[in-house]
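Descriptive analysis of the structure
Each chain is listed here by its residues.
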Amino acid sequence: MNAPGGNRPETLAGQLLGDEQGADLVAHQIAVALRREMAFRAGEIDKVWKYVLFSFFIMKDVTTYESDPDGLLYDPRVRAAMAQFADDDETLLTFEAGAAVRTANQAVERMRAHGAQGRGVSAGALDLLVRLNNSEHGISIGELARASGVSSRNATGLVDTLEHNGLVRRVPDPKDRRSVLAEITPAGRAWMEAFRKPSQLAMRAMFQGFTPEELVVLRDLCLRLAANQHRLAEHLRQIGQQP
């Protein structure tokens, strides 16, 4: 089966990745997905193609980076820009690492936003839908806002959109009649199930070449960085400063 635009998957993947192994990998992954998802409409299958190939397109940016003497990637543009803030090599590394985290985060978020919007849902709404899908009961707007790191007003707007699309509904809070909860609908759960396979393909593509051990270390490093930020924010709060 051809990808959108009439090009074969291995050809498109090869152009994006520049290597046969990567092309074979993405072609195999897509072929398996399509065999398992034959119930998809033709338009939905096109979205699977676009979703996975888009993530490979993001990864193509890696070829603009350079390698240090140990064979580790760095961004020469970031190094030059951050040098003005650093007094020594160790400090420069912290700035480079921070910039690399932002770059990686932006790449993942672009991938998520593209995949969600391709199915008519914003990235913010997808965050709420994921949380609601993982809950057996409804969740209050305030709790959704806190968990997603957005304002209550923003969360309310996202729930309104999901409710309009039939993916979420508001139900009375059995513990407080004055309050309402957001609850995922059967249509919402079906949406999440259809989104599951493209998400798996995209994340596998995004982390192509990473070993399980590397993924564990990456997870640990990211969470340690987040924990440091939380501790710093708490310290600044205690001494009366804004983080």
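Remember, it's a predicted structure, so these values are computed and weren't measured experimentally.

1. Side note on the overall build of the protein chain
When helices and strands are tallied, the protein chain shows 10 helices and 4 strands. Order of helices (α) and strands (β) in the protein chain, N terminus to C terminus: α-α-α-β-β-α-α-α-α-α-β-β-α-α. Burial analysis of the protein chain (243 residues in total) assigns 34% to the buried set. Relative to all contacts within the protein chain whose residues are 6 or more apart in sequence, the contacts with residues 24 or more apart total 52%. Only carbon and sulfur atoms are counted for the fraction: they give 54% of the accessible area of the protein chain, which is about 15,500 Å².

2. Some thoughts on the packing of helix α7 (residues 141-148) against helix α8 (residues 152-164)
It is the contact of α7 with α8, at a shortest axis distance of 8 Å, that shows an interaxial angle of 110°. Viewed along their axes, α7 and α8 adopt a mutual orientation that is roughly perpendicular. Residues Ile141, Gly142, Leu144 and Ala145 of α7 form the contact with α8, whose participating residues are Ser152, Ala155, Thr156 and Val159. Looking at the contact of α7 with α8 residue by residue, the classes come out as 5 nonpolar, 3 polar and no charged.

3. Notes on the pairing of strand β3 (residues 168-173)
Regular strands place their side chains on alternate faces of the sheet. Direction of pairing for β3 relative to strand β4 (residues 176-184): antiparallel, over a ladder of 6 bridges. Bridged to Arg169 within β4 is Glu183. Between β3 and β4, which follow one another and run antiparallel, lie 2 residues.

4. A few points about α8
End to end, α8 covers 18 Å across 13 residues, agreeing with the expected 18 Å (1.5 Å per residue, within 8%). Turning to α8, its buried residues are Ala155, Leu158, Val159 and Leu162. Along the axis of α8, the buried residues cluster in a sector spanning 100°; they form a single face. More than 90 degrees from the buried face of α8, the exposed residues found are Arg153 and His164. On its buried face, α8 sits against α6 (123-133), α7, β3 and β4.

About the thresholds
Residues numbered from 1 in each chain as written. Predicted model: local features only at pLDDT ≥ 70, side-chain atom pairs only at ≥ 80, totals over all residues. Heavy atoms only, no water. Helix = DSSP H or I, 4+ residues; strand = E, 2+ residues; numbered from the N terminus. Buried < 20%, exposed > 50% of the residue type's maximum accessible area, 1.4 Å probe, protein only. Contact = heavy atoms within 4.5 Å. Areas by Shrake-Rupley, 256 points an atom, 1.4 Å probe, with all protein chains shown as cover. Axes fitted to C-alpha atoms, helices over the stretch in contact; angles between N-to-C directions. Parallel < 35°, antiparallel > 145°, perpendicular 65-115°, else oblique. Nonpolar A, V, L, I, M, F, W, Y, C, P; charged D, E, K, R; others polar. Pairing = 2+ DSSP bridges. Expected span 1.5 Å × (residues − 1). Arc of directions from axis to C-beta.

All quantities given are derived from atomic positions and should not be read as evidence of function.
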